[in-house]
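Structural overview
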Amino acid sequence: MSTYAWVTLATNDLYSLGALVLAYSLKRVSTAHQLAILITPTVSESMRNKLKDVFNVVQEVNVLDSQDAANLALLARPELGITFTKIHCWRLIQFEKCVFLDADTLVLQNCDELFEREELSAAPDVGWPDCFNSGVFVYRPSLDTFSKITQFALEKGSFDGGDQGLLNSYFSDWATSDISRHLPFLYNTCSTATYSYLPAFKQFADRIKILHFIGRMKPWLLNFNSQTRIVYTPQESGYLHPYLQFWWDLFCDNVHEKLTEDMPDFINQEEGGLAGALSKLRLGEPRSPEQEAYEQHIRRQCWESGNIDYTGRDSFDNIWARISETLSSAPPKPAETPKEPGSM
Ligand code: UDP
Ligand code: GLC
Ligand code: MN
């Protein structure tokens, strides 16, 4: 057995869906190395069993949360304080070397050569290229490093409230010390590159090794038609469609059949209930009431999290047409009741 491992993290059933698809994407490219996942107590029992089928190691860890509301607000991602939990990856000392991958990444080509790199190797962040993006990094598990990073976090915190700010401060010489620790962007191609530098995205598309669905819009939060198996891609992200579809293809072929209804349902539990809802969809069959309910739920979640398809499905024209339709089909007003004599 290899002493190297790919490591990811999921603190709920929703991100576990991402982790499962990621694991199948690694298997598809025949990686020679092991798969490990860190989970927190908030991942359902039923989901843990699915994860155990695919990952060699499923390690429960406690939640580490920066609780740094001010810096997380700057990042506009209040939920990411919990990404401090990622730091537990240094505790997987049964492995000699590891590559951490966010659960929203997708491996498109075999990248086992990453294990030839040294700690801490990572690719530049699209927003601030003198920082590395912490969605993909090569590291060496070590209890000593784990305690040094946690101590550093307690003393200095994180400038973005998440693990990326913390790790960039801890490994602060990454930008200047050793170019071999700079991974090519192809190992962590952020999905936002489709609008920050579309010509390059088109030019190098065939060479992308790992795609990272960075930001609020995650593949599992997009509308998906269970009858056609096609994902609905918002208009402004059109170039991402083949990658989003690939994510859903992996989901349909490998993950869907393993989901079970006992994964908390969104009607009873907001967080993570999507897995239970997805399990009820029948792929390739005509639309059912479950499909309708699931779509409504996803669409609402997209709106509420600010993922609005302004130029496409959610455009003003479409919304106005819907309002007009509803108004024109509204029942006629009841006739006014005559006033009682003497009343105001
Ligand atoms: N994560 C998680 N639960 C959460 C938020 C994040 O398990 O509620 C993990 C997951 O592995 C995820 C990573 O932390 O991929 C970083 O978060 P995310 O990918 O959403 O951040 P982004 O890459 O969009 O900045
Ligand atoms: C990022 C990284 C992600 C990290 C988050 C919080 O944008 O992609 O991996 O968890 O910032 O620091
Ligand atoms: Mn990510």
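Note: the structure precedes this text.
The rules behind these values
Residues numbered from 1 in each chain as written. Chains lettered and ligands numbered in written order. Predicted model: local features only at pLDDT ≥ 70, side-chain atom pairs only at ≥ 80, totals over all residues. Heavy atoms only, no water. Near = heavy atom within 4 Å. Polar contact = N/O pair within 3.5 Å; in protein donor to acceptor, adjacent residues only side chain to side chain. Areas by Shrake-Rupley, 256 points an atom, 1.4 Å probe, with all protein chains shown as cover. Helix = DSSP H or I, 4+ residues; strand = E, 2+ residues; numbered from the N terminus. Nonpolar A, V, L, I, M, F, W, Y, C, P; charged D, E, K, R; others polar. Salt bridge = Lys/Arg side-chain N within 4 Å of Asp/Glu carboxyl O. Buried < 20%, exposed > 50% of the residue type's maximum accessible area, 1.4 Å probe, protein only. Core = buried A, V, L, I, M, F, W, Y, C linked by side-chain atoms within 4.5 Å. Contact = heavy atoms within 4.5 Å. Pairing = 2+ DSSP bridges. Expected span 1.5 Å × (residues − 1). Arc of directions from axis to C-beta. Right-handed = clockwise from strand over helix to strand, strands pointing away. Phe/Tyr/Trp six-rings, centres within 6.5 Å; stacked < 30°, edge-to-face > 60°. Lys NZ or Arg CZ within 6 Å of the ring centre and 35° of its normal.

Neighbouring residues of ligand 2: 13 residues in total, closest Lys86, Asp102, Asp160, Asp163 and Gln164. Between ligand 2 and aspartate 160 there is a distance of 3.1 Å, counted from an oxygen atom to a side-chain nitrogen or oxygen. In isolation ligand 2 exposes 310 Å². Once the protein is present, 90% of that is buried. Contributing elements (two or more residues each) for the shell around ligand 2: strand S7 (132–139) and helix H5 (163–170). With 3 residues, S7 is the single largest residue contributor to the shell around ligand 2. Partitioned by chemical class, the residues of the shell around ligand 2 number 2 nonpolar, 7 polar and 4 charged.

This paragraph deals with the site of ligand 1. Taken together, 16 residues sit near ligand 1, with Leu9, Thr11, Tyr15, Gly215 and Lys218 positioned nearest. Contact distances for ligand 1 include 2.9 Å between an oxygen atom and a side-chain N or O atom of arginine 77. Alanine 103 is positioned such that a nitrogen or oxygen atom in its backbone is 3.0 Å from an oxygen atom of ligand 1. Protein coverage of the free-state accessible area of ligand 1, which is 510 Å², stands at 91%. Residues of the shell around ligand 1, tallied by class, amount to 7 nonpolar, 5 polar and 4 charged.

On to the pattern of salt bridges, then. Within this structure, the stated rule accounts for 11 salt bridges. Measuring nitrogen to oxygen at the nearest pair gives 2.8 Å for the salt bridge that ties lysine 86 to aspartate 163. Here lysine 86, found in the loop between helix H3 (69–74) and strand S4 (97–101), pairs with aspartate 163, found in helix H5; they are 77 residues apart in sequence, far enough to count as distant. When its relative accessible area of 3% is taken as the criterion, lysine 86 is described as buried. Note that glutamate 113 and lysine 209 form a salt bridge whose closest N and O atoms lie 3.0 Å from each other.

Membership of the largest hydrophobic core comes to 67 residues, with the highest contact counts inside it found for Trp6, Met47, Leu101, Tyr243, Phe251, Leu278 and Tyr294. Non-local contacts of tyrosine 243, meaning those with residues more than four positions away in its chain, are made with Leu106, Leu108, Phe201, Ala205, Ile208, Leu211 and Phe213.

With that out of the way, let us pick up the pairing of S7. Looking down a regular strand, the side chains alternate between one sheet face and the other. Within S7, 8 of the 8 residues are buried, which leaves the element mostly enclosed by the surrounding structure. With 4 bridges connecting them, S4 and S7 associate as antiparallel partners. Within the sheet, the bridge partner assigned to phenylalanine 100 lies in S7 and is phenylalanine 137. Pairing geometry for strand S6 (residues 121–124) and S7, over 3 bridges, is antiparallel. Its bridge partner lying in S7, serine 121 is registered against valine 138.

Attention shifts here to the sheet that holds strand S8 (residues 189–190). Pairing within the open sheet is mixed, and its 3 strands lie in the order S5-S9-S8. A single partner strand is all that each edge strand has here, and the edge strands are strand S5 (105–107) and S8. Across 2 bridges, the pairing between S8 and strand S9 (residues 210–212) is parallel. Bridging across to S9, cysteine 190 finds its partner in histidine 212.

What follows covers the side chain of asparagine 188. For asparagine 188, the location among the structural elements is in the loop between H5 and S8. Reaching out from asparagine 188, the side chain makes a polar contact with the side chain of asparagine 133 at a distance of 2.9 Å. Residues in contact with asparagine 188, not counting those within four places in the same chain, are Ala123, Asn133, Gly135, Val136, Ile210 and His212.

The end-to-end C-alpha distance of helix H4 (residues 143–156), which contains 14 residues, comes to 20 Å, matching closely the 20 Å that a straight helix rising 1.5 Å per residue would cover. Of all the residues in H4, the buried ones are Thr145, Phe146, Ile149, Phe152 and Ala153. Taken down its axis, H4 places every buried residue within 130 degrees of arc, on the same side. Residues Leu154 and Glu155 are exposed on H4 and point more than 90 degrees away from its buried face. Here the buried face of H4 lies against H5. A positive phi of about 70 degrees marks glycine 157, the residue just after H4.

Turning our attention to the pairing of strand S1 (residues 4–10). Of all the 7 residues making up S1, 6 are buried; the element is thus mostly covered by neighbouring parts of the structure. In this structure, S1 lies alongside strand S2 (residues 34–39), joined through 6 bridges in parallel fashion. When the sheet's bridge partners are listed, valine 7 is paired in S2 with alanine 36. Regarding topology, helix H1 (residues 13–28) serves as the crossover connection from S1 to the parallel S2, and that connection is right-handed.

Evaluation of the coordinates by the stated rule reveals 17 aromatic pairs. Considering the side-chain rings of phenylalanine 132 and tryptophan 174, the 5.5 Å spacing of their centres and the 70 degrees angle between planes classify their relative orientation as edge-to-face. On the criterion of sequence distance, the pair formed by phenylalanine 132 in strand S7 and tryptophan 174 in the loop between H5 and S8 is long-range, its members being 42 residues apart. Residue classification places tryptophan 174 among the buried positions, given a relative accessible area of 4%. Ring geometry for phenylalanine 201 against tyrosine 243: centres 5.7 Å apart, planes inclined by 75 degrees, an arrangement best described as edge-to-face. Here phenylalanine 201, found in helix H7 (residues 198–203), pairs with tyrosine 243, found in helix H8 (residues 241–255); they are 42 residues apart in sequence, far enough to count as distant. Taking the relative accessible area as the measure of exposure, phenylalanine 201 reaches 7% and is therefore buried. Across from the ring centre of phenylalanine 146, 5.5 Å away, lies the NZ or CZ of arginine 91, which sits over that ring.

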